[in-house]
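The primary structure of each chain is shown beneath.
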Amino acid sequence: MESLSETPNELFKNLPEFILDDIVDTLIQTPKFRIAFLQNVNVDYVTKLILICVCRPQYFRNPYLVSKFIEVIYMHSPEVQGTRTPLFERIITPSLSEKYLLPSLLTFYTDVESTGSSNEFFDKFSIRYHISIITRILWNATHTTHQYTLTQCLGEQKYVRFINALINDTTFLLDESIDALRSIRDTQKLMDDTEEWNKLSQENKTAKTKQLAQEERQCKSYLTLANETVQMIHYLSNTIQEPFLRPELVGRLAAMLNYNLQQLCGPKCTGLKVKDPQKYGFQPKQLLSQITDIYIHLESTAFLAAVAEDERSYKPQLFTLAETCLRKAMVKTQGEIETFVEFAEKVKKLYDEKASMDLEFDDAPEDFKDPLMSTLMRDPVLLPSGMVMDRHIIERHLLNSNTDPFNRQPLDSDMLIPRKREIEREREREIDR
């Protein structure tokens with residue numbers, strides 16, 4: 001089987017979904033209980049069925065059926081089993097798998113954002129975790145073309161939404177994890193203060209204990225997922241930079257990195273010091289090392305500017321604090337720290353230049369500022385609603401919602417009309433003054 005049809009044949013169309021549901025449930029359970037079921041069946045047929053169901057989700061009305069077949073691959077992976085099962089080996093090695101599997105997983109990673117289920121917000125993280133694990137294993141698989149396939153995919157415009165979803169997930173999961181860690185620390189401190197703890201009523205003590213247990217479960221869950229998404233950005237950015245540097249993404253990625261670097265190294269970092277951090281999967285040294293690596297992986301004119309332009313979290317002192325933490329943590333060589341310091345100096349230079357430029361254009365007409373961000377537009381475009389916005393800002397919005405932010409009417413990037421010449425003329429007049 002060298003290719004997959006976009007539409008199923010008549011025999012497959014008439015196959016009741018509940019039969020596939022029973023099959024997939026059995027396949028999920030076999031590795032859990034070491035059932036020798038697969039020794040008595042034709043593994044090639046099972047492999048083909050899994051690949052068809054994962055790589056052609058349009059064959060089904062129920063997206064959760066596809067997610068269950070993805071779970072089969074995950075359950076048979078070395079991440080769960082400690083070694084590759086015969087089924088997993090068959091799944092990742094055929095030419096069909098190398099051509100279709102990773103592109104399909106990346107597409108489903110994005111599509112699962114909305115499934116229609118009442119629990120879709122939390123279900124998507126479980127599904128995406130399985131996809132992240134499988135992707136990492138395939139990325140590192142030797143004697144296959146999976147890494148090449150993924151590299152080619154991420155160079156295509158249609159996979160920008162995958163990178164956007166990856167950034168969204170990392171932002172949300174780390175935010176929730178950090179909030180949970182701070183709350184856990186506060187409760188632990190209260191419990192350690194015997195005098196204050198004993199002042200509480202038994203009802204309050206019980207409530208605090210239950211709340212702590214719930215926050216510990218949530219924190220561990222969020223950090224498990226967050227660690228995987230950060231790791232994915234880490235190994236992808238080390239090899240493939242261009243997708244992360246797209247105008248509609250680079251600013252958000254830089255802001256996310258700056259914010260989390262601030263949480264790890266800033267003045268409030270002591271609020272993350274909980275008892276037994278490994279219990280929650282919290283590895284601040286590793287997280288700091290990965291975040292600083294990502295800065296270096298993506299060093300370029302566009303990324304340096306994006307880091308410097310982040311008004312929420314970036315200050316030159318932040319990278320000085322990060323340097324100090326790197327030296328104390330001893331997770332980097334001297335050469336790697338010096339590379340990070342050089343990166344920080346380049347960002348600071350751009351930050352100083354931006355501050356000077358902001359003063360020069362401070363009195364620019366409001367018509368030349370983006371109506372949402374109030375920043376001077378560099379590449380203005382006219383929307384069908386008549387509003388003018390900076391291109392990278394509206395395209396960033398379109399990654400999450402294909403609507404005009406001013407009237408909620410359908411909108412896509414092909415409907416944007418360039419208005420750049422007016423801004424360039426204004427800049428020339430300001431410089432002449």
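Everything in this summary refers to the structure shown in the same document. (Residues numbered from 1 in each chain as written. Predicted model: local features only at pLDDT ≥ 70, side-chain atom pairs only at ≥ 80, totals over all residues. Heavy atoms only, no water.)

Here we take up the overall build of the protein. A count of helices and strands for the protein gives 19 helices and 3 strands. Counting only C-alpha atoms, the protein reaches 80 × 65 × 50 Å along its principal axes. Intrachain contacts of the protein at a sequence separation of at least 6 include 70% that bridge at least 24 residues. For the protein, the accessible area works out to roughly 22,400 Å², and carbon and sulfur atoms hold 51% of it. Side-chain charges in the protein split into 52 positive and 64 negative, and the spacing between the mean points of these groups amounts to 4 Å. (Helix = DSSP H or I, 4+ residues; strand = E, 2+ residues; numbered from the N terminus. Contact = heavy atoms within 4.5 Å. Areas by Shrake-Rupley, 256 points an atom, 1.4 Å probe, with all protein chains shown as cover. Lys, Arg positive; Asp, Glu negative; His and termini not counted. Charge placed at Lys NZ, Arg CZ, Asp CG, Glu CD.)

What follows deals with the sheet that holds strand β2 (residues 388–390). The strand order across the open sheet formed by 3 strands is β2-β1-β3, and the pairing between neighbours is antiparallel. With partners counted over all chains shown, the strands left at the sheet margins are β2 and β3 (417–418), one partner each. Sheet analysis places strand β1 (residues 380–382) next to β2, joined by 3 bridges and oriented antiparallel. Bridged to P380 within β2 is D390. Each of β1, β2 and β3 is contacted by helix α18 (residues 391–398), which is oriented at about 90° to β2, the strand it contacts most. (Pairing = 2+ DSSP bridges. Axes fitted to C-alpha atoms, helices over the stretch in contact; angles between N-to-C directions.)

Further remarks concern the packing of helix α10 (residues 160–192) against helix α12 (residues 202–239). It is the contact of α10 with α12, at a shortest axis distance of 7 Å, that shows an interaxial angle of 145°. As α10 runs across α12, the sense of the crossing is left-handed. The class makeup of the residues in the contact of α10 with α12 is 20 nonpolar, 8 polar and 5 charged. (Left-handed = near helix turned anticlockwise from the far one by under 90°. Nonpolar A, V, L, I, M, F, W, Y, C, P; charged D, E, K, R; others polar.)

Let us look at the pattern of salt bridges. This structure, assessed with the given rule, holds 18 salt bridges. In this structure, the salt-bridge partner of D192 is K275, at a minimum N-O distance of 2.7 Å. Residue D192 is located in helix α10, and its partner K275 is located in the loop between α13 (247–265) and α14 (284–297); the two are separated by 83 residues in the primary sequence. One connected set of salt bridges, linked through shared partners, spans D21, D25 and K68. (Salt bridge = Lys/Arg side-chain N within 4 Å of Asp/Glu carboxyl O.)

Let us now look at the packing of helix α4 (residues 63–75) against helix α7 (residues 95–111). Between α4 and α7, the least distance of the axes is 12 Å, while the angle of their chain directions is 130°. Comparing their axes, α7 and α4 come out oblique. Viewed along their axes, α4 and α7 form a crossing whose handedness is left-handed. Judged by residue contacts, P63, V66, S67, I70 and I73 of α4 engage L101, L105 and F108 from α7. Of the residues in the contact of α4 with α7, the class split is 7 nonpolar, 1 polar and no charged. (Parallel < 35°, antiparallel > 145°, perpendicular 65-115°, else oblique.)

Membership of the largest hydrophobic core comes to 111 residues, with the highest contact counts inside it found for I50, L236, Y295 and F319. The greatest single-element share of this core, amounting to 12 residues, is contributed by α10. With 8 residues, the next largest nonpolar core counts I394, L398, L411 and L416 among its residues. (Core = buried A, V, L, I, M, F, W, Y, C linked by side-chain atoms within 4.5 Å. Buried < 20%, exposed > 50% of the residue type's maximum accessible area, 1.4 Å probe, protein only.)

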